[in-house]
Amino acid sequence: MGKLTVHALRAVLVVVLAGTVFVQASMVWALVTDPEDGSLPLTPLRVITILGMVSAQVALVCVWRLVAMVRRGTVFSHAAFRYVDGMIGAIVAAALLWFAVTALNAPGQRADPGVTLIMGGVGVAILGVALIVLVLRMLLAQAVARDVEAARMQAELNEVI
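Let me begin by describing the structure that accompanies this report. Since the structure is predicted, the reported quantities are computational estimates derived from the model, not experimental observations.

### As for the overall build of the protein
Reasoning step 1: A tally of regular secondary structure across the protein gives 4 helices and 0 strands.
Reasoning step 2: For the protein, the N- to C-terminal ordering of α and β elements is α-α-α-α.
Reasoning step 3: Compactness check: the protein gives a C-alpha radius of gyration of 21 Å against a globular reference of 15 Å for 161 residues, more than 25% above the reference.
Reasoning step 4: In terms of overall dimensions, the protein has C-alpha extents of about 80 × 30 × 25 Å along its principal axes.
Reasoning step 5: Relative to its 161 residues, the protein shows a buried fraction of 25%.
Reasoning step 6: Long-range contacts, defined as pairs at least 24 residues apart, comprise 70% of the intrachain contacts of the protein with a sequence gap of at least 6.
Reasoning step 7: Carbon and sulfur atoms make up 73% of the accessible area of the protein, which amounts to about 10,100 Å² in all.
Reasoning step 8: Across the protein, the centroid of the 11 positively charged side chains sits 8 Å from that of the 9 negatively charged ones.

### A look at a nonpolar patch on the surface
Reasoning step 1: A cluster of nonpolar side chains, contributed by L131, I132, L134, V135, L136, M138 and L139, occupies part of the molecular surface with about 650 Å² of accessible area.
Reasoning step 2: With respect to the helices and strands, L131 occurs in helix α4 (residues 114-160).
Reasoning step 3: Residue classification places L131 among the exposed residues on the basis of a relative accessible area of 53%.

### Topic: helix α1 (residues 3-33)
Reasoning step 1: Taking 1.5 Å per residue as the helical rise, α1 with its 31 residues ought to reach 45 Å, and the 45 Å between its terminal C-alpha atoms agrees with that figure.
Reasoning step 2: Here α1 has its buried residues at V6, L13, T20, Q24 and A30.
Reasoning step 3: Buried residues belonging to α1 abut α2 (42-72).

### Focus: the environment of M1
Reasoning step 1: Within the secondary structure, M1 sits in the segment before α1.
Reasoning step 2: Look at M1 and you get partly exposed, because its relative accessible area is 47%.
Reasoning step 3: Taking the C-alpha atoms as reference points, M1 and R71, 70 residues apart in sequence, are found 6.4 Å from one another.
Reasoning step 4: In this view, M1 contacts V6, V67, V70 and R71; residues no more than four positions away in its chain are not counted.

### Observations regarding the nonpolar core
Reasoning step 1: With 15 residues, the main nonpolar core has L66, M69, A80, V84 and L140 as its most contacted residues.
Reasoning step 2: Every element with two or more residues in this core is listed here: α2, α3 (79-105) and α4.
Reasoning step 3: Setting aside its immediate chain neighbours within four residues, A80 contacts L66, M69, V75 and L140.

### Let's talk about the packing of α3 against α4
Reasoning step 1: The N-to-C vectors of α3 and α4 enclose an angle of 170 degrees; their axes lie 9 Å apart at closest approach. Relative to α4, α3 is oriented roughly antiparallel.
Reasoning step 2: By residue class, the composition of the contact of α3 with α4 is 24 nonpolar, 5 polar and 2 charged.

### Considering the side chain of R46
Reasoning step 1: Structurally, R46 is set in helix α2.
Reasoning step 2: One polar contact links the side chain of R46 to the main-chain carbonyl oxygen of A30, over a distance of 3.2 Å.
Reasoning step 3: Apart from residues no more than four positions distant in its own chain, R46 is found in contact with M27, A30, L31 and D34.

### Here we look at the pattern of salt bridges
Reasoning step 1: Scanning the entire structure with this criterion turns up 3 salt bridges.
Reasoning step 2: A salt bridge links E156 to R152, with the shortest nitrogen-to-oxygen separation between them at 2.3 Å. Separated by 4 residues within a single helix, E156 and R152 lie in helix α4, roughly one turn from each other.
Reasoning step 3: Via salt bridges that share partners, E149, R152 and E156 belong to a single interconnected network.

### A look at the layout of surface pockets
Reasoning step 1: The calculated volume of the largest pocket comes to roughly 280 Å³.
Reasoning step 2: In terms of lining residues, the largest pocket is bounded by 13 residues, among which L66, V75, V84, L136 and L140 are the most central.
Reasoning step 3: Put simply, the parts of the chain that give the lining of the largest pocket at least two residues each are α2, α3 and α4.
Reasoning step 4: Looking at side-chain class alone, the lining of the largest pocket contains 12 nonpolar, no polar and 1 charged residues.

Basis of the calculations
Residues numbered from 1 in each chain as written. Predicted model: local features only at pLDDT ≥ 70, side-chain atom pairs only at ≥ 80, totals over all residues. Heavy atoms only, no water. Helix = DSSP H or I, 4+ residues; strand = E, 2+ residues; numbered from the N terminus. Rg over C-alpha atoms; globule rule 2.2 N^0.38 Å. Buried < 20%, exposed > 50% of the residue type's maximum accessible area, 1.4 Å probe, protein only. Contact = heavy atoms within 4.5 Å. Areas by Shrake-Rupley, 256 points an atom, 1.4 Å probe, with all protein chains shown as cover. Lys, Arg positive; Asp, Glu negative; His and termini not counted. Charge placed at Lys NZ, Arg CZ, Asp CG, Glu CD. Patch = residues over 30% accessible without salt bridge, like charges linked within 9 Å, V, L, I, M, F, W, Y side chains within 5 Å. Salt bridge = Lys/Arg side-chain N within 4 Å of Asp/Glu carboxyl O. Expected span 1.5 Å × (residues − 1). Core = buried A, V, L, I, M, F, W, Y, C linked by side-chain atoms within 4.5 Å. Axes fitted to C-alpha atoms, helices over the stretch in contact; angles between N-to-C directions. Parallel < 35°, antiparallel > 145°, perpendicular 65-115°, else oblique. Nonpolar A, V, L, I, M, F, W, Y, C, P; charged D, E, K, R; others polar. Polar contact = N/O pair within 3.5 Å; in protein donor to acceptor, adjacent residues only side chain to side chain. 1 Å grid on protein atoms, 1.4 Å probe; cavity = no way out; pocket = protein on both sides within 12 Å on 5 of 7 lines; lining within 4 Å. Points joined across faces, edges and corners; volume = space filled by probe spheres on them.

Below, the structure written as C-alpha cells:
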C-alpha cells in the first residue's frame, strides 16, 4: 500500500470521524435544549443517532488500525482478527439501530407502508455488508493459516540446508 494511498485514506477517516463527533455533539445538545414537539419520538431518534455514530466511530478506528497493520506488513496475523471482528460488530450494531429507526418511523407511515419496507430493505442491506466483511474475515483466516504454514515450512527448509 503506497504512502499516498495511506495518507489519503487516513485524511478521509479523520474527516468522517470529525463529522461523527460533530453529529454526536449536536444530538446531545438537542437532547438537552430542544424539547419534543410531539410529531415524532425525537428523544429515541436522537439517542439512536448518537449510538449510530458510535458504531461508525468503532468501524473507523478498526479501519485505521488495519491500515496501520497493512503498512507495517503485519495484517496477516491473528491480531488483525480483533479489528475485523470489531468492524463486523459495528456494522451489525448499525443495522440493529437502523431497524429501531424503522420501527419508530413505521407508525407514521401507515398510509404509505412502502417507506417502511424500503427502510427494512436498507437494514437488510446493512446486514449484507456485515456478511461480506465476514467472508473477508474468512479469507483473512485462510491467508493467515497459509502464512503460518509457509513460515513453518521455511523453518524446516532452513534446518535441512
